[in-house]
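Here's the letter readout for the chains.
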Amino acid sequence: VDKGFFGEAADLFAADATFQWGNDGVYQGQARIRELLTRHGGGSTKEQAPGLPFGRLNLRMQLQPVVTVAADGRTAQARWREWGLLGQYKKEAIWGDAIIEDRYVNDGGVWRIAARQYFLNFEAPYQGGWVALKPGAPTVSKRRGRSPWAAYVSNSARRAAAIAGSDEAVAELSASDSNSSTVR
């Protein structure tokens, strides 16, 4: 994905796999997952050679894996933390953090992603970083057309709001969770 090989990345998923990207909904099947990865990666959905457009930065580091393989060796689960640096030359640069939860299936000796859930914790401008974010302000870049922070967050963000003592934020976050299950 970092280099714009969205089709190749989609091929890592099982044929009937699902991918939930925040409150965008659930994308089902390799073709829809390819479209999702291409759109979020800044590529073109037209048939063309793989690669990112000129000046596009799409560095997404997958860190802190916790992988559990089932006793029968046919399925597995994993949880990853993504740390990203995204941007477009002379336009914007963004830090990002997300939690990724995967289910895997061993398909004839080849491990494939059966389901992926992507929980964006925040995106913040490179200049000033997350320290520059204001409470209650959207933490997701405008270029992606995402909703404000309160519209969809992972459980880790809800726990952080609870620790910070913001009962109002926790209630708002809990109420918004029911908007995240549309299949696309």
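Residues numbered from 1 in each chain as written. Predicted model: local features only at pLDDT ≥ 70, side-chain atom pairs only at ≥ 80, totals over all residues. Heavy atoms only, no water.

Visitor: Please give an account of the confidence of the model for the protein chain that cites residues and values.
Guide: Looking at the protein chain, pLDDT values average 79 and 71% of them are 70 or higher. Contacts of residues 142–159 to residues separated by more than four positions or lying in other chains number 52 contacts, the stretch itself having pLDDT below 50. (pLDDT = per-residue confidence, 0-100. Contact = heavy atoms within 4.5 Å.)

Visitor: If you had to explain unusual backbone geometry to someone new, which residues and values would you point to?
Guide: One non-glycine residue with positive phi stands out, namely glutamine 64, at about 50 degrees. Turning to its location among the elements, glutamine 64 is positioned in strand S3 (residues 56–69). Non-glycine residue lysine 90 carries a positive phi angle of around 65 degrees. In this structure, lysine 90 sits in the loop between strand S4 (75–88) and strand S5 (92–107). (Helix = DSSP H or I, 4+ residues; strand = E, 2+ residues; numbered from the N terminus.)

Visitor: Go over the pairing of S5 with me, naming the residues and quoting the values.
Guide: Pairing of S4 with S5 involves 14 bridges; the strand directions are antiparallel. What sits directly across from threonine 75, in S5, is valine 105. Taking the residues between adjacent antiparallel strands as the criterion, S4 and S5 are bridged by three residues, where lysine 90 takes a positive phi near 65 degrees. Inspection of the sheet shows S5 paired to strand S6 (residues 110–125) by 14 bridges, in the antiparallel sense. Bridged to arginine 103 within S6 is alanine 115. A loop of two residues connects S5 with S6, the two strands running antiparallel in sequence, and glycine 108 in this loop sits at a positive phi of about 65 degrees. (Pairing = 2+ DSSP bridges.)

Visitor: Before we move on, could you go through the sheet that holds S6 and cite the residues and values that matter?
Guide: Pairing is mixed across the open sheet formed by six strands, whose spatial order is S2-S1-S6-S5-S4-S3. A strand with exactly one partner marks an edge of an open sheet, and here the two such strands are strand S2 (26–28) and S3. Averaged over all pairs of adjacent strands, the angle between their axes in this sheet comes to 20 degrees, without regard to strand direction. Sheet strands touched by helix H2 (residues 30–41): strand S1 (13–21), S2 and S3. Its angle to S1, the strand with the most contacts, is close to 40 degrees. (Axes fitted to C-alpha atoms, helices over the stretch in contact; angles between N-to-C directions.)

Visitor: Which residues make up the packing of aromatic side chains, and what are the values?
Guide: Note on aromatic pairs: each is described by the distance of the centres and the angle between the planes. According to the stated counting rule, one finds seven aromatic pairs in the structure shown. In this structure an aromatic cluster arises from ring pairing among Phe13, Phe19, Trp21 and Tyr118. (Phe/Tyr/Trp six-rings, centres within 6.5 Å; stacked < 30°, edge-to-face > 60°.)

Visitor: Run through a nonpolar patch on the surface, naming residues and quoting values.
Guide: A cluster of nonpolar side chains, Leu57, Leu59, Met61 and Leu63, forms an exposed patch at the surface whose accessible area comes to about 290 Å². Checked against the element boundaries, leucine 63 lands in strand S3. The class of leucine 63 is partly exposed, set by a relative accessible area of 37%. (Patch = residues over 30% accessible without salt bridge, like charges linked within 9 Å, V, L, I, M, F, W, Y side chains within 5 Å. Areas by Shrake-Rupley, 256 points an atom, 1.4 Å probe, with all protein chains shown as cover. Salt bridge = Lys/Arg side-chain N within 4 Å of Asp/Glu carboxyl O. Buried < 20%, exposed > 50% of the residue type's maximum accessible area, 1.4 Å probe, protein only.)

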